[in-house]
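Reading the structure
Each chain, letter by letter, is given below.
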Amino acid sequence: MSTQKIAVIAGDGIGKEVVPAAISCLERIAQIHTLELEFTYFDWGSEYYLQHGRMMPVDGLEQLAQHHAIFLGAVGSPEVSDTESLWGLLIPIRREFQQYINLRPVKTLDGVTSPLANKQAIDLLIVRENNEGEYSEVGGRTYRGLSHESAVQETIFTRLGVSRVTRYAAELAASRRGHLTSATKSNGIVHTMPFWDEIVEETARLFPEVSLTSELVDALAAHLVLKPWTYDVIVASNLLGDILSDLGSSVTGSIGLAPSANLNPEGEFPSLFEPVHGSAPDIAGMGLANPVGQIWSGAMMLEHLGHPDAASHLQSAFESALRDGFGTRDVGGTSSTSDFTSAVLSAIDALTPDAAIAATSPAS
């Protein structure tokens, strides 16, 4: 088996705690499944910015391009504006490497209490368009500092962008329960969202085995709180998908649980895997961080790299640790980051690959 090179950017805050935790689990899994994973570490992030005026070197993207995948922790610091940290690292990676799919699983886990009174199991996927939409660079500000100062931000939807994210989501739905929901706001946003609706419907017709429902995003957000178990796959624009996926992870118990994959499905460029949570500077260095989102992102990375058995083994292990009561404080437990990681490592060793595969479905 050829070596698969993984670029590791722990980033800021609790990223420096959860990334090593996840790497230790990945290394144990790689040993058991005889995988050749080579990790290369980059010290990019807010501290790098404060020293160099940039979130990564000028040739940072060229360095990352030499890898099969990117494993990111968290980015953000009170000393650096969110605009600098996001647009200086994550968004350039997503766009340069055409990671136009942001995939976020939302799933209830044994051992984690949901804030919802209803205990029905939640298992859905949110497919977020990741390269265009509301997060465009088109726009600007005028008359700065004056009473009539103005700002304009343009939303950009293309036929290519909407059709390819819909196709990806529909393929996922076809492999699951066959239900696809499109998030829209075409009753209020009169140009871009009707265009989104048209292309989504046109593309979904190519998948007769999939039923499509278009739902206004405000109603969809309410339904994700009231009856999230009724959803299978949700496809959404960049902004709407960003909001809905954080909501989804919260109703399952904690945003610290949520993983994500920024995918270039064709494999022409490296894909990036990261937890949904931020750098959480308020608890950084205290050993309180929940590493599940990072570990689960690692399982998604293994799946993407072509190792479904290893991915299932890792997911089964962290689910086992949660089930056995080793949750961190954010999910009502008392375990430290290192305690939980030790529990996952023990579960990895205890679960044979065959048992792990049978215990859970693939990570993505």
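Just above sits the structure.
Just so it is clear, the model here is predicted, and its values are computed rather than measured. (Residues numbered from 1 in each chain as written. Predicted model: local features only at pLDDT ≥ 70, side-chain atom pairs only at ≥ 80, totals over all residues. Heavy atoms only, no water.)

Quick word on the overall build of the protein
- Within the protein one finds twelve helices and twelve strands.
- Taking 364 residues into account, the globule formula puts the C-alpha radius of gyration at 21 Å, and the protein, at 20 Å, falls close to it.
- For the protein, the spread of C-alpha atoms along the principal axes amounts to about 60 × 50 × 40 Å.
- Relative to its 364 residues, the protein shows a buried fraction of 52%.
- Long-range contacts, defined here as pairs at least 24 residues apart, represent 76% of the contacts in the protein between residues at least 6 apart.
- Split by element, the accessible area of the protein, about 15,500 Å² in all, is 52% carbon and sulfur.
- Side chains of the protein carry 22 positive and 44 negative charges; the gap between the two charge centres is 4 Å. (Helix = DSSP H or I, 4+ residues; strand = E, 2+ residues; numbered from the N terminus. Rg over C-alpha atoms; globule rule 2.2 N^0.38 Å. Buried < 20%, exposed > 50% of the residue type's maximum accessible area, 1.4 Å probe, protein only. Contact = heavy atoms within 4.5 Å. Areas by Shrake-Rupley, 256 points an atom, 1.4 Å probe, with all protein chains shown as cover. Lys, Arg positive; Asp, Glu negative; His and termini not counted. Charge placed at Lys NZ, Arg CZ, Asp CG, Glu CD.)

A look at unusual backbone geometry
- In the Ramachandran plot, Thr 34 falls in the positive-phi region, its phi being about 50 degrees despite a non-glycine side chain.
- In this fold, Thr 34 is placed in the loop between helix 1 (15–32) and strand 2 (37–41).
- Phi at Gln 98 is positive, roughly 50 degrees, even though this residue is not glycine.
- Within the fold, Gln 98 resides in the loop between helix 4 (82–96) and strand 4 (101–107).
- Given the relative accessible area of 34%, Gln 98 is considered partly exposed.

As for the environment of Ser 260
- Note on placement: Ser 260 falls in strand 11 (residues 259–263).
- Overall, Ser 260 belongs to the buried group, its relative accessible area being 1%.
- For the pair Ser 260 and Leu 272, spaced twelve residues apart in the sequence, the C-alpha separation amounts to 8.6 Å.
- Leave out the neighbours within four places in its chain, and Ser 260 touches Asn 102, Leu 103, Arg 104, Leu 272, Phe 273, Glu 274, Val 276, Ser 297 and Met 300.
- There is a polar contact of 2.9 Å between the side chain of Ser 260 and the backbone oxygen of Glu 274. (Polar contact = N/O pair within 3.5 Å; in protein donor to acceptor, adjacent residues only side chain to side chain.)

Comments concerning the packing of helix 9 (residues 292–304) against helix 10 (residues 308–323)
- Running from amino to carboxyl end, helix 9 crosses helix 10 at an angle of 160 degrees, the nearest separation of the two axes being 7 Å. Considering their axes alone, helix 9 and helix 10 lie roughly antiparallel with respect to each other. Helix 9 and helix 10 meet at a crossing whose hand is left-handed. Taken together, the residues of helix 10 that come into contact with helix 9 (itself represented by Val 292, Ile 295, Trp 296, Gly 298, Ala 299, Leu 302 and Glu 303) are Pro 308, Ala 310, Ala 311, Leu 314, Gln 315, Phe 318 and Leu 322.
- Within the contact of helix 9 with helix 10, the residues separate by chemical class into eleven nonpolar, two polar and one charged. (Axes fitted to C-alpha atoms, helices over the stretch in contact; angles between N-to-C directions. Parallel < 35°, antiparallel > 145°, perpendicular 65-115°, else oblique. Left-handed = near helix turned anticlockwise from the far one by under 90°. Nonpolar A, V, L, I, M, F, W, Y, C, P; charged D, E, K, R; others polar.)

Remarks on the pattern of salt bridges
- With the rule as written, the count across this model stands at 16 salt bridges.
- The partner of Arg 104 in a salt bridge is Asp 242, and the shortest N-O contact between them spans 3.9 Å. Pair noted here: Arg 104 is in strand 4 and Asp 242 is in helix 8 (residues 238–251), with a separation of 138 residues, a long-range link.
- Among the salt bridges present, the one from Asp 123 reaches Arg 176, with a minimum N-O distance of 3.7 Å. Of the two residues, Asp 123 sits in strand 5 (residues 123–129) while Arg 176 sits in the loop between helix 5 (159–175) and strand 8 (179–184), which places them 53 residues apart along the sequence. (Salt bridge = Lys/Arg side-chain N within 4 Å of Asp/Glu carboxyl O.)

Observations concerning helix 11 (residues 337–350)
- In this model, helix 11 (14 residues) spans 20 Å end to end at C-alpha, consistent with the 20 Å of a helix rising 1.5 Å per residue.
- All of the buried residues in helix 11 are Thr 337, Phe 340, Thr 341, Ala 343, Val 344, Leu 345, Ala 347 and Ile 348.
- Residues of helix 11 that are buried sit in contact with helix 1, helix 9 and helix 10. (Expected span 1.5 Å × (residues − 1).)

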